[in-house]
Every structure is written in structure tokens, then in C-alpha cells.
Amino acid sequence: MKKLFILILLPVLIGCETVVEIDVPRNRPSLVINSTLNPDSLIHINLSESRYILDNYDFRYVENASVSVYEDGVLLDTLSHGAEGNYFSSSIKPKRNKDYQILASASGFVDASAEVLIPKDSITVLSVSIDSVVQNNGFGGYITYQRINVEMQDNASINNFYSVSLLGEYYYYQYNYDTNPPTLVDSTFVSTLEYFNVDDPYFEDYNSGGTELIFNDELFNGKTYTLRILNSYYEGDDGFPYSSNPTYTLLLRNTSESYYLYKNTVSLQSWTSDNPFAQPVQVYTNVTNGYGILSAYNTTFYKVN
Amino acid sequence: MKQTGLLSILLLSTFFYSLTSRAQKHTVSGYIKDKNTGEVLIGANIYTKPDLVGTTSNTFGFYSLTLPEDSVQIVFSFVGYVPVTSTIFLDRDLEMNIGLSSSIELDEIVVTAEEDIQQQSQMSSITVPVKQIQKLPALMGEVDVLKVLQLLPGVQSGSEGSSGLYVRGGGPDQNLILLDGVPVYNASHLFGFFSVFNADAINNVELIKGGFPARYGGRLSSVIDISMKEGNTKEFKGTATIGLIASKITLEGPIKNENTSFLVSARRTYIDLLARPIIKAANDGEVTAGYYFYDLNAKLNHKFSNKDRLFFSGFLGEDKAYSKDKSSYSDPYGDYHYAYDDEFGLKWGNMIGAIRWNHLFTPKLFSNVTATYSRYKFKVFEESNSSTTGPSGTTTDNYAIAYNSGINDWAAKIDFDFIPSPNHYIRFGVNGIQHHFNPGVLSYRSAELDTVAGSFEKDAFEFASYIEDDFKVIDALKLNAGLHFSGFNVDGKTYYSFQPRVSLRYLIRNGIALKASYAQMAQYIHLLTNSGIGLPTDLWVPSTNKIEPQFSTQYAIGAAKTLNKTYEVSIEGYYKEMKNLIEYKDGASFTSVNKDWQDKVEVGNGRSYGVELFAQKKLGKLTGWVGYTLSWTDRQFDNINFGKRFPYRYDRRHDISITSVYKLSDHVELAGAWVFGTGNAVSLPNETYMGTDESLNNYYYSYQPAIDYYDGRNGFRMKNYHRLDFSISWTKQKKNGIRRLTLGVYNVYNHKNPFFMELSYDYQTQKNKFVQYSLMPIIPSISYRFDF
């Protein structure tokens, strides 16, 4: 696409740029609630304020707020304040299949609220298998191509929203090349989310190739589906591997719809922001009288190796 | 019941009685042509004196006039030509083929057209003479038919430099662009900066914005009926033009005798040829890149007899952008050798062909049978190969990605013109189009993957029939009433539509004509566009089970008058509603092929209303027009902008165009055009806030994107657009032809017109700001034309 736009601008003899005054009305800042709840973590939200588009100071956190959490309509907790707009519960983790409402009020702002249902199910994984191909990388080392096949069962009775990530853990080696042969001087433990692709054209180009894949069950509602994750790693030159063989953990999540909509619209907004001719995408928000997102998920960890 | 039946028969017989003759009547018929070239004159006037009973010639130059047996004086006239008057005694059907001479000194001979604007029942229609189009200043000297149409009221240009047409609030897909009766699907070259129509090959251009006669259908907003020249039947002629970016040549002439003639016109740009050595030299020959377009028009026609004529016309046009990149490298020890090559290409083009057969059944009944083919194709591809050769052998890696889309049409139609008396001009016909849609297929191949994805190809059949009568009820009242019936069969489902059309003209005092019209239109095909500026990536898709056809209803009223036989002035108001318009869902685009296009679109409605003023001076040393449009256009989609109406991107409150051509002397001509338009509507954010990305589960790092909040779609305006173009031409008669040198300047006062806007950060003031980007600065041009 980039090449296409370069070509469009090819006939332009001289591009020209002018700063223009546009009368954009300035509204009073609103509260921004950002929170992702899951049954494994204590309830936690972040509170900040929105900013006028032509201002560009750093986003401001809201520190003096009162934040209440309701569970199925009953007051559950009032969150404690930490630094940088963080508010958390000291003991309570959200429960599956329960509805949570967060109400935030701070002086100078209109009260904002948001609501989310913690997903009931975890992902039902039927099987996980790996196909590997090892290829010479042309430098005397090897590239391992892996295809991780995750066979999962979808629940037909509800609209499911999924998120998949791949956590790689390995030692990274450093050598002293002044000696002959080079000697190993240090190794560092690395734990990182891998960038991966998916062997299924269903997944949009902007959604695949990152560290998280977000999708819903519209293609396989109530059926089994095999997700094929493509991953590869280099083992380094002959005799001097870059790293130890990684071990992988799949992070499989059943997410709320708000998680799905938010993540998708955020990536769409940034995806289209390069294209001045495309209509900009409005990011999904479920916050009333404010901005931001209250979302939720359950995670299942699955060791791959 | 019986009485009603009797009444109907009575009414019908009265109708047919009025169609047929009371006294003995005879028909004068024939063709009106340019005397020097043999080219037909479309819309010429044929009328009697002194009672001004008359008709006009049709698209093939044919006319038919039925009059009582008597001595009669008939005038044949056409704007810019010396009229011919002929006195005859009409005692039998008569065939009169008339050649009119082009008048060089227009200002000295008062050439009038009796069937002028206040006579026609048709409204919202403008015919621009090709000669006028060729005289107006043009971007980079490339004369462009569609760009001239953009200067008419009710027609907008969209973005800077683009040749897209937005007629009365409609989209560029809603224009029925006909080249010799064949629909052209993508009329643009160079991403819309030029149109595919080469003015040298064109005889006539008619634009209809509303009050559509029943013979047209299939699009909501306009009909642009372009007739190609038939080729000089008298002598062999040619025209060659050398311009800044393109050159073209047109050859025409008779074959053997006057009964057969041909025309061939070709054009090609040559930036790529000029730039290739420079690009090669700049990077040691490893990269070549370029862009060009070409088009070719050809027409052949043969007259078998005065009753039968056969025409072949063809058009072929293509745009192509390409880059090739090649590199190789050997490591210093000579152990390994790496080679890499990459090829990128983008091309699109139209191919159309038509065979037409005119047959005259009787002097009153003219028929035309047409068979046509129209194809639009778009392809973008990238292919790369790399290889590594080492001691252990060679490993290769390659990948290829290609995206194809297009539309193919086969069509046939038969149209009849029945002219029983000067008071009736009846047209009827049927047509069918077999569409084949290929709305985007992506294929991808690499070491790991070989896959094809995208929307499914689809076939559909579109058909229509119509009848209309241009009917003079009384001298003051003329009516064009008709019915267009059409249908579309796709996916086992058939959509039907009855579209009543009516337009009327009523003459009041002082020669002022009041006009009114009502038209319903249906459009069974949609254009998916996510750029909004008309790129070749836009996809033509059919209506389907899920996506219904588009419909529109348009009302217009107006008044028109000719002043001093030189000025034509008209004012029109219109109101138009459009249903089932489609637009991509937020963020969806043509390259995301995971879903069928039907799942990527929203369906909504549109509305446009406004007033248009038009004053034109057709004759004299100074010719030109002034057009002004005041209009409002909006869209409403349930899932866009929270269901609220929002301004259309090209909602333009004020739109002004002034054009003029001034003949300084026999050899020197000046031309100028000034345009003004309210800035396009644009979506801008008004607030921003902190986002969250907890996908990383807070284990490692947390990334917080800034999210922009938009209060509504297209809620802001870009700056107003205005521009002045100017050109001067010198014409000189040489020994073997006429040469014409034209110097032109586009955007004379170098106004920085908005193309798009972006939010950016100003390091000096340390503030955010909106930045406007402009495209076309002042651009001079030169072109040299030689007619031989």
C-alpha cells in the first residue's frame, strides 16, 4: 500500500504544506477509565483525563477520585488510590460470570461509569501439536519453522471472543569473539511475547503478525477449530547459538466483547491513521460520561514444548 | 365497466388519430453532417418557416419531419454552422441529407438555433461542444472532457486534480458514462488526474443531471453521453499533438469512397521513457521504475445504403506503474553469493468494443441495434526472489502476492426512434447486460504458504425496457413522459424497478420557459471505495441477496431563457433522495480479504438539494459561461456516526465556475477559467485520551496508545478551494496544415488548495496544529498541435 501512495504522489511536482487554523471547540476534560479485569488478578483501574486535541502536555492522571466497584449491582469495594491514577482493591479478585460496574467521581469532572461481565468459560483446548521444519540458514546455522496447531472447541450458546498470545522463554548468549574459538561470557534469561503469524487467510493483515491475535467465533460458532500459529526462530551460526532452545507457553483467553471491540478499533484507528484519505475510525468505548474501556478475560496457560 | 372500456378505446383512438394524419402528409428525413468532414451533427435543428414546426437530429445525425403536403421552407441549422434553407414542394416522402459549413467568423453571422433552451422539454442537461472543450485551459496542456464538465453547475470535482464527477450530491459511481453507447467503468488515468477520453476522437458530449429521459437507466446521478467521431468521409486528415506529458495522433479518412470511413486516435505519456535513464544512472542500474498510460480509440463505419449503416468502435486504455529492483552480493571470501530481485507492478485499464447497426424501416422509424463489450481490470502484484549459494549448495526463497479485481460486461440492445409527426418523438427499446464481477482476489505464495483468498466471482444479468414520448401538447406546453422498467438477476434473486419519468416545459410571456421534472432511477451495481478520491482500487460489485440496489428520486423545477439569441440563462432547483448507498465499515479496506466484501460494508441513505444558476454565451468573439451552485448534501447510515446524518465529503455549499474564451484575432485566442468551492468536509479529532494495552498482562511493559476522539463524521471543513487557469494559443496556416501552439498556466496565482489535512506537532511553538497539504502549485504547460 505504501508504494501505491508513493505512486499517487508521483505526479506532484512540489508538495506543499500549510498550517491552518481550524476552529475546534474546546470541551471540558472528561474522565478516562481504563481497566481490564480477570479472575487471576486483583481489581485495578487507571483513571486519567482527556485532553483538547491541540494541547500536547503529557496525559494527566486523576488522583483525587472516589472509585466504587459494584458486583451484580451490589457495592463490593471502594478502591484504594496508588500513584499515577491507579486505583486497586487490596483483596478482591473478580469472579467469572459476574457483572462488575465501576463508578468514578472526581471534583471538576462529570461522574463516569462502566460495566463488564467477566466471561464464564475458559477456552476448551482439545489438543495442541507442533509441526517443525529445520532449514539451513545459509550461514551454517539453522532456522526452525514451527506450526503450532491448537484445536479448540467453541461454545455454541454464546458469542465468544478470543485472544491468543505466545510467550517465549529462553537464554540469550553473549560471546567474546576476541578469543579463538569465541567463548561464552554471559547468558540472560529472556521472557517475551513472540511475534507470530497465523496460517489462515481469515485473519486480517493488521491483526496477524503481532504479539496478540484477537478474533471471534463467527466462522466456527459451536464447532471445533484448529488455529495454526506460525513461528520461527534462528539458532545462530554453527557452534555459536544465539540462544537456548526456547520454551513456549500459549496464553489463551476468553475475552469480553468490549475487549474485542476496543482492541480492534484501536488497531484500526492506528492502521488508518497513515492514510489521509480513509475515514478515521472511532475507538470503541463503554464508559458513560467519559472515555476509555472496561474489559475482561480469563486466561488459560498452555505449555507447548 | 362497459362505459369505461368504450371511453378507453375512444381516448386511445383519439391519441392514435392525433399521431397519424388527417390531411395527406409526407416525411422529410435524412442525415445532417458537417460539409467538410462528413462528421454527423448531433442535435442540429430542422424547422419550417414561418410556423417553426421542427425537430432535432439524433445521436446518429438522423432527423425525420412529417408535414402536410404543401410548399414548404425548411431551415437546417446548428450552432457554429451556416444555416441552410431549402424550399421544396412536398408531395411525397423525401430524403434530404444536408451538409452544413462551419462558420469561421461566428461573430459576423448571426447563427441561431430555434430549438434552444426554452424550446426543449429536457431540463438539467448541457451539451458542451468539443471545440469549446479544446479551447479551455487544461492541466499540463492535456485537454480533458471530464474536467470541463466539472466546470458546470451541479457538477463537482472532488479532490484537487481529480477527474471524478460528483453530480448533484451523488458519487462518482453514479454516473453513466457512455462512450458510443457503451458504459465505461473507470474513466481515469493517472489516479484520476486525467480522464480516458481523448478529445481529438470525440464528436459530442452531453451531460444530464436530472429529469432523465426514460431511455437512460442504470445509474442514479447523471448520464454523460459521449459520441466518438466517425471519421472524415471526404479526405484523409490527421492531427498530431506534442504535449508536456503526452503526445497523441489522430488519423481519419474515407476508405475507397465516401461510404466507408475510419478514425484512429492514440495517446501515450512518456514520463517513464524520459526518466528511465536518469533512474538507472542514479542507482547503478539496479532499479528501474516508471509509470505510463496510453489509450487508443478506433472507429470504422460503413454505409450500405441510405437505410443501413454499420459502425464498429473500440477503445483500449491502460495505466501501468512498475518498479524492478535487482541486487547481488558475494562475501569477501567468495564462499557465499547472494542474489535478490524484486518486481512490483500496478496496472488497470478499460477495453470496450461496440458494433452498431442503424436501420431505417420507414422515414419515420429509425432503429439502432448495438452489441457491446466492456471490461475493467485492476491488478497489483509484487514478486521477489532471493537465492544464497554456498559450499553446501543453493537455497532459494521467493514470495509473490497479487491482487486482482474487475468487471466484464456483454450487452445487447435495440432502440427505436419513431417520429410520427412534429408533435411526437417516440423512443422505445430493450436492452440486456450480462455482468461478470470479480470483486477482488488476493493470491499469496511463499515458502510456507500458497493461498488464494477474497470475494467470490459473481455473474448477474441486468435488463431494461423503456418507452418515452417527447410530446408537444400545445405550443406552450411540451412534455417528455416515459417509463423505464429494469431488473437485475443475481444469486437466484431478481430485483425489479418501474421508474416513471416526466419532464415538461411551459412557455410563458417574454419567451421564458418554466420547466419541471420528476425522475426515479435504479442502480444495480455499487462501487466500493475507501479512499473517497477515486482510485483504481475501487471495486465494482453487484447488488446481491444482502445488498439491495440503489434507488433515487429527483424533483427539479427551473426557468430558462435565451437573450438576444446569444445568451442562454437558466436557473434550476432540485431535491434528490438516494437509498441503499454503500460504504466500507470503519477501517475495512480492499486489501483485507478475509471476508467477503458484503460483510465489510454499511448500507445507508443520502440526500442532496440545491439551486443552480447557469449563464452561457455561445457566440461571438467572447464565449464562455458562469455557473453557480448552492447545495447541501448529506448521508445517513445506521452504523456510522451513531446513526446521525453527516455531511457528505463533497458537500459543497458554494461552487462557482467562470470560463471564457476570447478571440483576440484570427490567429490568437485567450482562454481562462476560475473556480471556487467551499472546502470539503473532513473528520478531525477534537479530543485525545490515554489508551490501554494490557495484552502483555503487565508482566513486561505496558504500552499506552493515545486515542483520538471524533465528535462526528465530516464535522469540519477544509479551507475554500479556488484557482485560476489561463492559456493563450497561436494558430497559423502553414503550407501543409494548421499549427496551433498553446501556452498554459494552471493555478496562476499559486493558491495553496487543500488536498488533505493532518494533525502534527510544531516544535517551535511546542503546540499541536492542523497542517494542510496541497498538491498542485502553479504549473505551466506547453503543447503543439498540427492538423494536416
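Bear in mind that the values here come from a model prediction, so they are computed numbers and not experimental data.

Engineer: So what exactly am I meant to see when it comes to the overall build of chain B here?
Structural biologist: A count of helices and strands for chain B gives four helices and 50 strands. In chain B, buried positions account for 56% of the 788 residues. Accessible area for chain B stands at about 32400 Å²; split by element, carbon and sulfur atoms hold 57% of it.

Engineer: I keep staring at the overall build of chain A and nothing clicks. Help me out?
Structural biologist: Counting its regular elements, chain A contains two helices and 19 strands. Expressed as a percentage of contacts within chain A between residues at least 6 apart in sequence, the contacts between residues at least 24 apart total 65%.

Engineer: I keep staring at unusual backbone geometry and nothing clicks. Help me out?
Structural biologist: For residues other than glycine, phi is negative in most cases, and the peptide bonds are mostly trans. With an omega dihedral of 5°, the bond running from Lys 49 of chain B to Pro 50 of chain B counts as a cis peptide bond. Here Pro 50 of chain B is to be found in the loop between strand 2 (45-49) and strand 3 (54-56). Positioned with a positive phi, Asp 72 of chain A is a non-glycine residue whose angle comes to about 45°. Its location among the elements puts Asp 72 of chain A in the loop between strand 5 (66-71) and strand 6 (74-78). According to the relative accessible area criterion, Asp 72 of chain A is partly exposed, its value standing at 43%. Backbone geometry places Leu 52 of chain B, a non-glycine residue, at a positive phi of 55°. When you line up the elements, Leu 52 of chain B lands in the loop between strand 2 and strand 3.

Engineer: How do you make sense of the pattern of salt bridges when you look at a structure like this?
Structural biologist: Two side chains with opposite charge may pair up if their charged atoms get near one another. All names here are of chain B. If you walk through the whole model with that rule in mind, you get 33 salt bridges over all chains. Across the pair Glu 468 and Arg 427 runs a salt bridge whose closest N-O atoms are separated by 3.7 Å. Residue Glu 468 is located in strand 29 (residues 458-474), and its partner Arg 427 is located in strand 27 (residues 424-445); the two are separated by 41 residues in the primary sequence. Each member of the pair, Glu 468 as well as Arg 427, carries the same accessibility label: buried. Between Arg 713 and Glu 583 there is a salt bridge whose closest N-O contact spans 2.5 Å.

Engineer: Please explain the sheet that holds strand 3 of chain B as it appears in this structure.
Structural biologist: Two strands in a sheet stick together by hydrogen bonds in their backbones, pointing the same way (parallel) or opposite ways (antiparallel). All names here are of chain B. Taken in spatial order, the four strands line up as 3-2-5-7 in an open sheet, and their pairing is antiparallel. Here the strands that pair on one side only, and so sit at the sheet edges, are strand 3 and strand 7 (84-90). Ignoring which end each strand starts from, the neighbouring axes of this sheet average 25° apart. As judged from the five bridges shared by strand 2 and strand 5 (residues 70-77), these two strands associate in the antiparallel manner. Its bridge partner being in strand 5, Ile 46 is matched across the sheet by Phe 76.

Engineer: I tried to follow the packing of aromatic side chains on my own but got confused; where do I start?
Structural biologist: In this description, an aromatic ring pair is defined by two values, namely the gap between the centres and the angle between the planes. Applying the stated rule across the entire model yields 42 aromatic pairs over all chains. Where Phe 161 of chain A meets Tyr 260 of chain A, the ring centres are 5.0 Å apart and the plane angle is 45°; that geometry is what we call tilted. In this pair, Phe 161 of chain A is assigned in strand 13 (residues 161-176) and Tyr 260 of chain A in helix 2 (residues 257-272), connecting sequence segments 99 residues apart. A relative accessible area of 15% places Tyr 260 of chain A in the buried class. Looking at Lys 147 of chain B, its charged tip hangs above the ring of Phe 194 of chain B, at a distance of 5.2 Å from the centre. The ring of Tyr 31 of chain B carries the charged tip of Arg 309 of chain B above its face, separated from the ring centre by 3.6 Å.

Engineer: What is the right way to look at empty space enclosed by the protein in this model?
Structural biologist: Empty space among the atoms becomes apparent when a probe as large as a water molecule is rolled across them. Residues and elements named next belong to chain B. Scanning all chains against the criterion turns up ten cavities of 30 Å³ or more. Lining the largest cavity are 39 residues, and of these Gln 150, Leu 151, Ser 157, Val 675 and Arg 723 lie nearest its centre. Every element with two or more residues in the lining of the largest cavity is listed here: helix 3 (145-149), strand 11 (155-156), strand 40 (654-663), strand 41 (668-677) and strand 46 (721-734). For the lining of the largest cavity, the element with the highest residue contribution is strand 41, accounting for five residues. Counted by class, the lining of the largest cavity contains 18 nonpolar, twelve polar and nine charged residues.

Engineer: Explanation requested: the nonpolar core in the structure shown.
Structural biologist: In terms of nonpolar packing, the biggest core is built from 83 residues, with Leu 149, Leu 152, Phe 197 and Val 205 of chain B touching the most fellow members. Residue contacts for Leu 152 of chain B: discarding those within four places in its chain leaves Ile 126, Val 128, Leu 207, Phe 614 and Trp 625 of chain B.

Engineer: Teacher, can you tell me more about a nonpolar patch on the surface here?
Structural biologist: Residues and elements named next belong to chain B. Taken together, Val 473, Ile 474, Leu 504, Tyr 506, Ile 508 and Leu 514 make up a surface patch of nonpolar side chains, about 470 Å² in accessible area. When residues of the nonpolar patch are traced back to their parent elements, those giving at least two are strand 29 and strand 31 (493-507). Among the structural elements, Leu 514 can be located in strand 32 (residues 513-523).

Engineer: Mind showing me how you'd approach the confidence of the model for chain B here?
Structural biologist: Detail in the predicted coordinates should be disregarded across regions flagged by low pLDDT. Residues and elements named next belong to chain B. This prediction gives chain B a mean pLDDT of 85; 88% of its residues lie at or above 70. Of the regions scoring below 50 in pLDDT, residues 6-18 engages in four contacts with residues more than four places distant in sequence or in other chains. Low confidence marks residues 695-702, where pLDDT is under 50. Its contacts with residues over four positions away, or in another chain, come to 15 contacts.

Engineer: What should I look at first to understand the sheet that holds strand 44 (residues 706-709) of chain B in this one?
Structural biologist: With respect to topology, three strands assemble into an open sheet ordered 4(A)-43(B)-44(B), the strand pairing being antiparallel. Taken across any chain shown, the strands that pair with only one partner, and hence form the sheet edges, are strand 4 (51-52) of chain A together with strand 44 of chain B. Inspection of the sheet shows strand 43 (residues 687-690) of chain B paired to strand 44 of chain B by four bridges, in the antiparallel sense. Residue Met 690 of chain B lies in a different strand from strand 44 of chain B, and its bridge partner there is Ala 706 of chain B.

Engineer: What am I meant to see in the pairing of strand 20 (residues 246-255) of chain B here?
Structural biologist: All names here are of chain B. Bridge count between strand 19 (residues 237-242) and strand 20: six bridges; the pairing is antiparallel. Opposite Gly 238, over in strand 20, you have Leu 251 as the bridge partner. Connecting the antiparallel pair strand 19 and strand 20 is a turn made up of three residues. Bridge count for strand 20 against strand 21 (residues 257-269) is ten bridges, and the pairing is antiparallel. Considered in strand 21, the bridge of Thr 250 is made with Ser 265. The antiparallel hairpin formed by strand 20 and strand 21 contains one residue in its connecting segment, where Lys 256 sits at a positive phi of about 65°.

Engineer: Looking at this model, I keep getting lost on the environment of Gly 487 of chain B. Mind explaining?
Structural biologist: Residue and element names in this part refer to chain B. Along the chain, Gly 487 turns up in strand 30 (residues 477-490). The buried category is assigned to Gly 487, whose relative accessible area is 0%. Spatially, the C-alpha atom of Gly 487 lies 9.1 Å from that of Ala 522, the residues being 35 residues apart in sequence. In this structure Gly 487 touches Phe 461, Glu 462, Phe 463, Tyr 495, Tyr 496 and Tyr 524, once residues within four positions along its chain are discounted.

Engineer: Looking at this model, I keep getting lost on the pairing of strand 47 (residues 737-746) of chain B. Mind explaining?
Structural biologist: It is a general feature of regular strands that their side chains alternate between the two faces of the sheet. All names here are of chain B. One ladder, built from nine bridges, connects strand 46 with strand 47; its direction is antiparallel. Of the residues in strand 47, the one forming a bridge with Lys 732 is Arg 739. Linkage of strand 46 to strand 47, two consecutive antiparallel strands, is achieved through a turn of two residues. Where strand 47 and strand 50 (residues 779-787) come together, nine bridges link them in antiparallel fashion. Among the inter-strand pairings, Val 745 is bridged to a residue of strand 50, identified as Pro 780.

Engineer: Help me understand the environment of Val 601 of chain B in this model?
Structural biologist: Residues and elements named next belong to chain B. Among the secondary structure elements, Val 601 is positioned in strand 37 (residues 601-617). For the pair Val 601 and Lys 585, spaced 16 residues apart in sequence, the C-alpha separation works out to 5.0 Å. Apart from residues lying up to four places away in sequence, Val 601 is in contact with Leu 528, Ile 547, Ile 582, Glu 583, Tyr 584 and Lys 585.

Engineer: Mind showing me how you'd approach helix 2 of chain A here?
Structural biologist: In this model helix 2 of chain A runs 22 Å from its N-terminal to its C-terminal C-alpha over 16 residues, within 8% of the 22 Å that 1.5 Å per residue would give. Of the residues making up helix 2 of chain A, those classed as buried are Ser 258, Tyr 259, Tyr 260, Tyr 262, Lys 263, Asn 264, Thr 265, Val 266, Leu 268, Gln 269 and Thr 272 of chain A.

Engineer: I'm lost on the side chain of Thr 372 of chain B in this one. Help?
Structural biologist: As for its placement among the helices and strands, Thr 372 of chain B is situated in strand 25 (residues 365-390). A relative accessible area of 9% means that Thr 372 of chain B is categorised as buried.

What counts, and at which threshold
Residues numbered from 1 in each chain as written. Chains lettered and ligands numbered in written order. Predicted model: local features only at pLDDT ≥ 70, side-chain atom pairs only at ≥ 80, totals over all residues. Heavy atoms only, no water. Helix = DSSP H or I, 4+ residues; strand = E, 2+ residues; numbered from the N terminus. Buried < 20%, exposed > 50% of the residue type's maximum accessible area, 1.4 Å probe, protein only. Areas by Shrake-Rupley, 256 points an atom, 1.4 Å probe, with all protein chains shown as cover. Contact = heavy atoms within 4.5 Å. Salt bridge = Lys/Arg side-chain N within 4 Å of Asp/Glu carboxyl O. Pairing = 2+ DSSP bridges. Axes fitted to C-alpha atoms, helices over the stretch in contact; angles between N-to-C directions. Phe/Tyr/Trp six-rings, centres within 6.5 Å; stacked < 30°, edge-to-face > 60°. Lys NZ or Arg CZ within 6 Å of the ring centre and 35° of its normal. 1 Å grid on protein atoms, 1.4 Å probe; cavity = no way out; pocket = protein on both sides within 12 Å on 5 of 7 lines; lining within 4 Å. Points joined across faces, edges and corners; volume = space filled by probe spheres on them. Nonpolar A, V, L, I, M, F, W, Y, C, P; charged D, E, K, R; others polar. Core = buried A, V, L, I, M, F, W, Y, C linked by side-chain atoms within 4.5 Å. Patch = residues over 30% accessible without salt bridge, like charges linked within 9 Å, V, L, I, M, F, W, Y side chains within 5 Å. pLDDT = per-residue confidence, 0-100. Expected span 1.5 Å × (residues − 1).

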